[in-house]
Amino acid sequence: EKFLESEQIRFQIIKDWYQEPSLLHYWADEIRNILDQIRDDSYKVIFSAHSVPVLALDFGDPYIDQIYDNSRLIAEILGLEEEQYTNTWQSESDIGIPWIKPDVLEYLRNEREHPDHYIFVPIAFISEHIEVLFDNDVECKELVEAEGATYMRAPMPNCNETFLQAMASAIIERIHS
């Protein structure tokens, strides 16, 4: 952002839009679809986001709190109880400094009792890419299945119309403000 300067172009940075109702309802609808399929009380919804170094807290980065708030808002729409969902982090890099925890793989390894179903919701990602397709669909799935549970994941928004409405709404709101 510091380097976005132009005499000809006016920039307006949209710093967050995770509270857009269409985005929240996209995730809630996809999770609800999975819950309707399993018809089972034995599940845990795992919201995950790309981890960041702990030092982000020292700089007042709002990302961490926004992730917690985002998952809480989605859980409220669904009527989930606190024990039915959790927040985890993924895709940390080994750069020699501590990262926000719990890491999703560590979380799965440390759980003593496992539900019948784990529902993964990588809310900080918007498309099918390596950090979802490998970190979640390979690594997490292997750990979940090793515990005798079923791995499920909400589809990524990609170019879903509800997701695009959320993005457009955030842009239009900023244009008019």
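An account of the accompanying structure is given in this report. Because the structure is predicted, anything quoted here is derived from the model rather than measured.

Moving on, we come to the packing of aromatic side chains. Within the structure shown, the criterion is met by seven aromatic pairs. Ring geometry for tyrosine 118 and phenylalanine 120: centres 6.3 Å apart, planes at 50°, overall tilted. Linked through ring pairs, Tyr63, Tyr68 and Trp89 together constitute an aromatic cluster.

The subject of this paragraph is the layout of surface pockets. Each pocket or cavity is described by its volume, and for the largest pocket that value is around 350 Å³. Lining the largest pocket we find 16 residues, and of these Tyr18, Tyr63, Ile67, Ile123 and Ala124 sit closest to its centre. At the level of elements, helix H1 (21-38) and helix H3 (63-78) are the ones that each hand at least two residues to the lining of the largest pocket. Per element, the largest residue contribution to the lining of the largest pocket is four residues, and it comes from H3. Considering only residue class, the lining of the largest pocket consists of ten nonpolar, three polar and three charged.

For any two helices packed against each other, one specifies the inter-axial angle together with the distance between the axes. At a minimum axis separation of 9 Å, H1 and H3 run at an interaxial angle of 55°. When the axis of H1 is compared with that of H3, the two are oblique. Crossing angle aside, the handedness with which H1 passes H3 is right-handed. On the side of H1, the interface is formed by Leu24, His25, Trp27, Ala28, Ile31 and Arg32, while H3 contributes Asn70, Leu73, Ile74, Ile77 and Leu78. In terms of residue class, the contact of H1 with H3 is built from eight nonpolar, two polar and one charged.

Definitions and limits used
- Residues numbered from 1 in each chain as written.
- Predicted model: local features only at pLDDT ≥ 70, side-chain atom pairs only at ≥ 80, totals over all residues.
- Heavy atoms only, no water.
- Phe/Tyr/Trp six-rings, centres within 6.5 Å; stacked < 30°, edge-to-face > 60°.
- 1 Å grid on protein atoms, 1.4 Å probe; cavity = no way out; pocket = protein on both sides within 12 Å on 5 of 7 lines; lining within 4 Å.
- Points joined across faces, edges and corners; volume = space filled by probe spheres on them.
- Helix = DSSP H or I, 4+ residues; strand = E, 2+ residues; numbered from the N terminus.
- Nonpolar A, V, L, I, M, F, W, Y, C, P; charged D, E, K, R; others polar.
- Axes fitted to C-alpha atoms, helices over the stretch in contact; angles between N-to-C directions.
- Parallel < 35°, antiparallel > 145°, perpendicular 65-115°, else oblique.
- Left-handed = near helix turned anticlockwise from the far one by under 90°.
- Contact = heavy atoms within 4.5 Å.

Everything listed is a geometric property; what it means functionally is a separate question.
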